[in-house]
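Topology and contacts: notes
Okay, here's what each chain looks like letter by letter:
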Amino acid sequence: MTYAEASTMDVYMRAHLVLGSNNPYFAYSFGMGDDNESSSSFPIGETAQEKGLSYVPKCYMMPPSQRPSLKSEFANVPMVDLAGMNDDNPTRSIIIQDIANACRRNGFFHVINHGISQAILDGALSAAFGFFDLATEDKEKIMSNDVYKPVRYGTSLKDGEDKVQFWRVFLKHYANPLIDWIKLWPENPPDYREKMGKYTEEVQKLAIKIMGIITEGLGLGPTYLSQNFQDGVNVIAVNCYPPCPQPGLALGLPPHSDYSILTIVLQSSAGLEILDTQNNEWRAVQDLQGTLQVHVGDHLEVLSNGLYKSVVHRVTLNSQKTRISVSSLHSLGMDEKMETAKELEDEEYPKRYKESSFSDFLKFLHENDIGQGSSFLMTLKNN
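Here the structure is a predicted model, which is why all the values come from computation and not from measurement.

Attention shifts here to the sheet that holds strand 8 (residues 272-276). With antiparallel pairing, four strands are arranged side by side in an open sheet as 6-11-8-9. Sheet topology places strand 6 (253-256) and strand 9 (281-284) at the edges, where each strand pairs with a single neighbour. In this sheet, neighbouring strand axes are inclined to one another by 25 degrees on average, regardless of whether the strands run parallel or antiparallel. Pairing of strand 8 with strand 11 (residues 313-315) involves three bridges; the strand directions are antiparallel. Bridge pairing in strand 11 links E273 to R314.

As structure tokens, this is what we get:
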């Protein structure tokens, strides 16, 4: 079976096409090291990535079949110029179709002329680097594995609980409406709230614009769910991937898709890989200054009844420098259910997904280990 034929396949099954149904990724026992190298031996503040160890502990090592090649070919990622989206611009319809095609193929594209200045982009990355450069005791003030907390610092996926550790540290905080959440953000570095706040305001506007283009491309009109989306949850996930001494053994994040409707990503350097649905291969995403990445999330796949695909992606590492990404994950309100658009259901294409909310995803995240292949989207698929 090819990806083209598997149009309704969820993320879990799509991954199986690449990994194989008997692949150890989904059943692998990660207790490969000695007791003193178990995940619980690397609590927040003492993780290998924070301490800058000169080797990769066994509890960080991926199964051999899941280790990155570090020589992946570059993905053929559509580049969309949003400058042509003015109402009277003759290229407007072409842009709508280009984004629709990208959402159908891999669920991933780049945008340029998106309206966010380079100064604001640079400011957000600077604020992120500044936060992760703080002393451990400063970051520990908001340290938590509680996925329900609106502001938290952590490592890997769920520190100390993951069967395999991932080479990252992160800061997550809610951001919409900004005025309600910014006061809970880190106070240090002193310019963090100002710089990240400016970026958050602008990326929220951009997400609303892109969402309108996407729903128009689905034939639902540019204002479909617009107010719900505008009032929805925006989670800013600031990820830090320190240099890894043996990047071919570990990952920054495992293969997964985002729960969101849309995710918009700003990055300091390359490291993301996406699953190319044409040949079932991992492809590296180039870092192009001034561009932003747009990911289709699980809830957009649900809305589109499977016409658009949430992108399966992972994060690779390097041994030379720290990589920062700022991911803006946009969904409906906390308890507001995303369901398939009625206009996209008929006898030939019946409803393929259950409805769900952001709070449903948090419950799933609390109870499951996505590092071992658990998929939120799989739980939404109708039998």
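Okay, back to it.
Time to look at the packing of aromatic side chains. Applying the stated criterion across every chain, the model contains eleven aromatic pairs. On the numbers, 5.3 Å between centres and 65 degrees between planes, the contact of Y60 with W167 is edge-to-face. Residue Y60 is found in the loop between helix 2 (48-51) and strand 1 (79-81), and its partner W167 is found in the loop between strand 3 (151-155) and strand 4 (169-174); the two are separated by 107 residues along the sequence. Here Y60 and W167 have matching classes, each one buried. Their ring planes at 70 degrees and their centres at 6.2 Å tell us that W185 and Y192 sit as a pair that is edge-to-face. Taken individually, W185 and Y192 each receive the classification buried, so the pair is uniform in this respect.

We now examine the pairing of strand 3. Walk down a regular strand and you will see the side chains alternate between the two sheet faces. Counted residue by residue, strand 3 has five buried out of five residues, so it is predominantly covered. Direction of pairing for strand 3 relative to strand 4: antiparallel, over a ladder of five bridges. In the strand pairing of strand 4, V151 is matched with H173.

This brings us to helix 10 (residues 358-367). By the burial criterion, the buried members of helix 10 are F358, S359, F361, L362, F364 and L365. Of the surrounding elements, those touching the buried residues of helix 10 are strand 4, strand 5 (234-241), helix 9 (298-303) and helix 11 (376-380).

Let us look at the nonpolar core. One finds M196, Y199 and I210 to be the most contacted residues of the largest nonpolar core, which totals 77 residues. At ten residues, the largest contribution of residues to this core is made by helix 7 (residues 192-217). Not counting chain neighbours up to four residues away, the residues in contact with Y199 comprise I116, I120, L121, A124, I264, L266, L292 and V326. Judged by nonpolar contacts, the second largest core, of 22 residues, contains Y60, M61, W167 and L317.

It is worth spelling out unusual backbone geometry at this point. The amide bond that connects N176 to the next residue, P177, takes the cis arrangement and shows omega of -5 degrees. Residue position: P177 is located in the loop between strand 4 and helix 6 (178-181). Of note, the bond from N188 into P189 is cis; its omega dihedral lies within 30 degrees of zero at -5 degrees. Relative to the assigned elements, P189 resides in the loop between helix 6 and helix 7. A positive phi angle is found at N113, which is not glycine, with a value near 50 degrees. Mapped onto the secondary structure, N113 falls in the loop between strand 2 (108-112) and helix 4 (118-132). Overall, the relative accessible area of 48% leaves N113 in the partly exposed class. Of note in the backbone geometry, N305 takes a positive phi value of approximately 60 degrees without being a glycine. Turning to its location among the elements, N305 is positioned in the loop between helix 9 and strand 11. Residue classification places N305 among the buried residues on the basis of a relative accessible area of 1%.

Looking now at the confidence of the model for the protein chain. Residues of the protein chain with pLDDT of at least 70 account for 87%, and the chain-wide mean is 88. The low-confidence segment residues 1-13, where pLDDT is below 50, has 33 contacts with residues more than four positions distant or belonging to other chains. Contacts from residues 15-35, a stretch scored under 50 in pLDDT, to residues over four places away or in other chains number 42 contacts.

Once that is clear, we can look at the sheet that holds strand 2. Reading across the sheet, the eight strands line up as 1-2-10-7-12-5-4-3 and stay open at both edges, with mixed pairing between neighbours. Where the open sheet ends on each side, the last strands, each with one partner, are strand 1 and strand 3. The sheet shows a mean angle of 25 degrees between the axes of neighbouring strands, direction not considered. Running over the sheet, helix 3 (residues 92-105) touches strand 1, strand 2 and strand 10 (292-296) and is turned about 150 degrees from strand 2. Seen against the sheet, helix 4 touches strand 3, strand 4, strand 5, strand 7 (262-267), strand 10 and strand 12 (323-330) and runs at an angle of roughly 115 degrees to strand 12.

Now for the pattern of salt bridges. Per the counting criterion, the structure on display carries eleven salt bridges. The shortest N-O distance in the salt bridge between E273 and R314 comes to 2.9 Å. Placement of E273 in strand 8 and of R314 in strand 11 is noted, with a sequence separation of 41 residues between them. Since its relative accessible area comes to 3%, E273 is described here as buried. The partner of E367 in a salt bridge is K363, with the nearest N and O atoms 3.1 Å apart. Separated by four residues within a single helix, E367 and K363 lie in helix 10, roughly one turn from each other. Looking at K363, the relative accessible area reads 43%, which means it is partly exposed.

What counts, and where the lines are drawn
Residues numbered from 1 in each chain as written. Predicted model: local features only at pLDDT ≥ 70, side-chain atom pairs only at ≥ 80, totals over all residues. Heavy atoms only, no water. Pairing = 2+ DSSP bridges. Helix = DSSP H or I, 4+ residues; strand = E, 2+ residues; numbered from the N terminus. Axes fitted to C-alpha atoms, helices over the stretch in contact; angles between N-to-C directions. Phe/Tyr/Trp six-rings, centres within 6.5 Å; stacked < 30°, edge-to-face > 60°. Buried < 20%, exposed > 50% of the residue type's maximum accessible area, 1.4 Å probe, protein only. Contact = heavy atoms within 4.5 Å. Core = buried A, V, L, I, M, F, W, Y, C linked by side-chain atoms within 4.5 Å. pLDDT = per-residue confidence, 0-100. Salt bridge = Lys/Arg side-chain N within 4 Å of Asp/Glu carboxyl O.

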